[in-house]
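Analysis of the macromolecular model
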Amino acid sequence: MLALPYRAELHHNVPLNLEATLFCGQAFRWQKVADNAFQGVVYGEILRLTSRPNALLIESTASRINGKPLRDFAWIYLGLEDNLSELFSPSFISRYPHLYRGASKYFGLRLLRQEPFEALISFMCAQGIGIALIRRQVSLFSLLFGDFIAITEKSFPAPEVLAAARLSTLVKCANNNPIRAKNIRAVAHAVAKGELDLRQLSAPTCDFQTARETLLRYDGIGEKIADCVCLFGLGHREAFPIDTHVRQYLKEWFGIKTSTATLSSKTYRWLCDEARAILGKTNAGLAGQLLFHYWRKDIKGLTAF
DNA sequence: CCCCAGGCAGCGC
DNA sequence: GCGCTGCATGGG
């Protein structure tokens, strides 16, 4: 395994399920490198996280990431500030004890705080195709446009690079989908120009709906993608992305049915409201992720990583 | 060959 | 407002 010069240890007494967190957070470029050890690239540095009882080993190519010491960065990136003690309300637990038991297996799943631009482009690639294909697309962006960090690792490209890229190369990254490639280039251009200010959308002063509506103005970003970017890239905890799996468990577990093949905007928002009514407004995002993971792994038998 | 995979936009009605 | 279809590709 690649030797990383800087290391820190985060001693904590809060629950952390690293594998579920990285998988559900859709950090598509992260890889499992050993038992309880995962490696990724964030803000142009390699980051390796190893989970131990009540401690997290942090190793990196730099002593600071995004201007913060490794310990502080990991705390924010992994969403460890969230209080999990009231994630599921007493009324939810008494009404759905079996779901509570099932989801509790993944207690310690957190909401990632990814790099906003990488999250934005990654989720634009995650439309109606399998995880393997999504991972391939996102990796190609780094392979073709990123800068070397080490022999084996590259950064995610900057907005300026993608904005100036040849369309034919972007098409390769976008699973040969020229429409998606154009959309991605247009969004990268908007970010590069400062017209789409991701830092502003992730500021505490920016509310969720404003961030969401701003993203929705761009082609290639619909309700679900906007919610994903808000939840995992911009730190808006009340976002509740509804994909095909979430739609399935809402129907199966809570009897919330939708008839049509594709969700209209209105129906999508209605489904969100129904889910928030059950899971609680402030906890819906994280609680939904636990249910999502339980549904995928235990009910559908799909594997993470 | 079918349907499904962490959807979106555009079309006809 | 709706419901459907094309986009694109790999796997079951």
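Above: the structure in question.
Glancing now at the overall build of chain A. When helices and strands are counted, chain A shows 15 helices and nine strands. What you see for chain A is a C-alpha radius of gyration of 19 Å, in line with the 19 Å of a compact globule of 305 residues. Taking as baseline every contact in chain A between residues at least 6 positions apart, the subset at least 24 positions apart corresponds to 65%. Approximately 14200 Å² of chain A is accessible, and the part contributed by carbon and sulfur atoms is 50%. One way to put it: in chain A the 37 positive side-chain charges average out to a point 5 Å from where the 27 negative ones average out.

Under the defined criterion, the tally for this structure stands at zero disulfides. The cysteine Cys-206 is free of any disulfide, with Cys-230 supplying the nearest cysteine sulfur at 8.0 Å. Taking relative accessible area as the criterion, Cys-206 reaches 11% and is therefore assigned buried.

Let us now look at the sheet that holds strand 2 (residues 31–34). Read from one edge of the open sheet, five strands run 1-5-4-3-2, paired in antiparallel fashion. Two strands bound the open sheet, and with one partner strand each, they are strand 1 (6–11) and strand 2. Strand-to-strand twist of the sheet, defined as the mean angle between neighbouring strand axes without regard to direction, takes the value 25°. Bridge count between strand 3 (residues 37–42) and strand 4 (residues 45–52): six bridges; the pairing is antiparallel. Each residue of the ladder has a partner; that of Phe-38, found in strand 4, is Leu-49. Its contacts with the sheet put helix 2 (residues 70–77) on strand 1, strand 3, strand 4 and strand 5 (55–60), and the angle it makes with strand 1 is roughly 55°.

With that out of the way, let us pick up the protein's contact with DNA strand C. Taken together, Gly-128, Ile-129, Leu-133, Arg-136, Asn-175, Asn-176, Asn-177, Pro-178, Thr-260, Thr-262, Ser-264 and Lys-266 make up the full set of residues near DNA strand C. Within 4 Å of the protein, atoms of DNA strand C come from sugar and phosphate in 69% of cases. At 3.2 Å from a base nitrogen of DNA strand C is found a main-chain nitrogen or oxygen belonging to Gly-128. A distance of 3.4 Å separates a base nitrogen of DNA strand C from a polar side-chain atom of Thr-262.

Below, the discussion takes up unusual backbone geometry. You will see that Asn-36, though not glycine, has its phi angle at about 65°, which is positive. Mapped onto the elements of the fold, Asn-36 is located in the loop between strand 2 and strand 3. Even without a glycine there, the phi angle at Asn-66 is positive, about 50°. Summarising the element assignment, Asn-66 is placed in the loop between strand 6 (64–65) and strand 7 (68–69). On the accessibility criterion, Asn-66 (41% relative accessible area) is partly exposed.

So, on to the packing of aromatic side chains. Counted according to the given criterion, the structure contains 17 aromatic pairs. Both rings, one in Phe-141 and one in Phe-156, keep their centres 6.1 Å apart while their planes meet at 40°; by these two values the pair is tilted. Here Phe-141, found in helix 6 (residues 131–145), pairs with Phe-156, found in the loop between strand 9 (153–154) and helix 7 (159–163); they are 15 residues apart in sequence, far enough to count as distant. In this structure an aromatic cluster arises from ring pairing among Phe-88, Phe-92, Tyr-96, Tyr-100 and Phe-254. For Lys-154, the ring lying beneath its charged end belongs to Phe-148, and the centroid distance is 4.6 Å.

Formed by 80 residues in total, the largest nonpolar core has its most connected members in Leu-120, Phe-141, Leu-196, Leu-215, Tyr-249, Leu-250 and Phe-254. The element best represented in this core is helix 15 (residues 284–299), accounting for eight residues. Listed in part, the 21 residues of the second largest apolar core include Ala-8, Leu-10, Leu-49 and Tyr-77.

The buried fraction of strand 5 amounts to six of the six residues, a majority that puts the element mostly inside the structure. Where strand 1 lies against strand 5, six bridges are found, and the strand directions are antiparallel. By the bridge assignment, Glu-9 is partnered in strand 5 with Leu-57. Alignment of strand 4 against strand 5, held across six bridges, turns out to be antiparallel. By the bridge assignment, Thr-50 is partnered in strand 5 with Leu-57. Hairpin remark: strand 4 followed by strand 5, antiparallel, with two residues in the connecting loop; positive phi at Asn-54, about 60°.

Where helix 12 (residues 223–233) meets helix 14 (residues 265–279), the axes come as close as 10 Å, and the angle between the chain directions of the two elements is 40°. Accordingly, the angle class assigned to the pair helix 12 and helix 14 is oblique. Mapping the contact onto sequence places Glu-223, Lys-224 and Asp-227 in helix 12 and Ser-265, Tyr-268, Arg-269 and Cys-272 in helix 14. For the contact of helix 12 with helix 14, a count of residues per class yields two nonpolar, one polar and four charged.

The rules behind each value
Residues numbered from 1 in each chain as written. Chains lettered and ligands numbered in written order. Predicted model: local features only at pLDDT ≥ 70, side-chain atom pairs only at ≥ 80, totals over all residues. Heavy atoms only, no water. Helix = DSSP H or I, 4+ residues; strand = E, 2+ residues; numbered from the N terminus. Rg over C-alpha atoms; globule rule 2.2 N^0.38 Å. Contact = heavy atoms within 4.5 Å. Areas by Shrake-Rupley, 256 points an atom, 1.4 Å probe, with all protein chains shown as cover. Lys, Arg positive; Asp, Glu negative; His and termini not counted. Charge placed at Lys NZ, Arg CZ, Asp CG, Glu CD. Disulfide = S-S within 2.5 Å. Buried < 20%, exposed > 50% of the residue type's maximum accessible area, 1.4 Å probe, protein only. Pairing = 2+ DSSP bridges. Axes fitted to C-alpha atoms, helices over the stretch in contact; angles between N-to-C directions. Near = heavy atom within 4 Å. Polar contact = N/O pair within 3.5 Å; in protein donor to acceptor, adjacent residues only side chain to side chain. Phe/Tyr/Trp six-rings, centres within 6.5 Å; stacked < 30°, edge-to-face > 60°. Lys NZ or Arg CZ within 6 Å of the ring centre and 35° of its normal. Core = buried A, V, L, I, M, F, W, Y, C linked by side-chain atoms within 4.5 Å. Parallel < 35°, antiparallel > 145°, perpendicular 65-115°, else oblique. Nonpolar A, V, L, I, M, F, W, Y, C, P; charged D, E, K, R; others polar.

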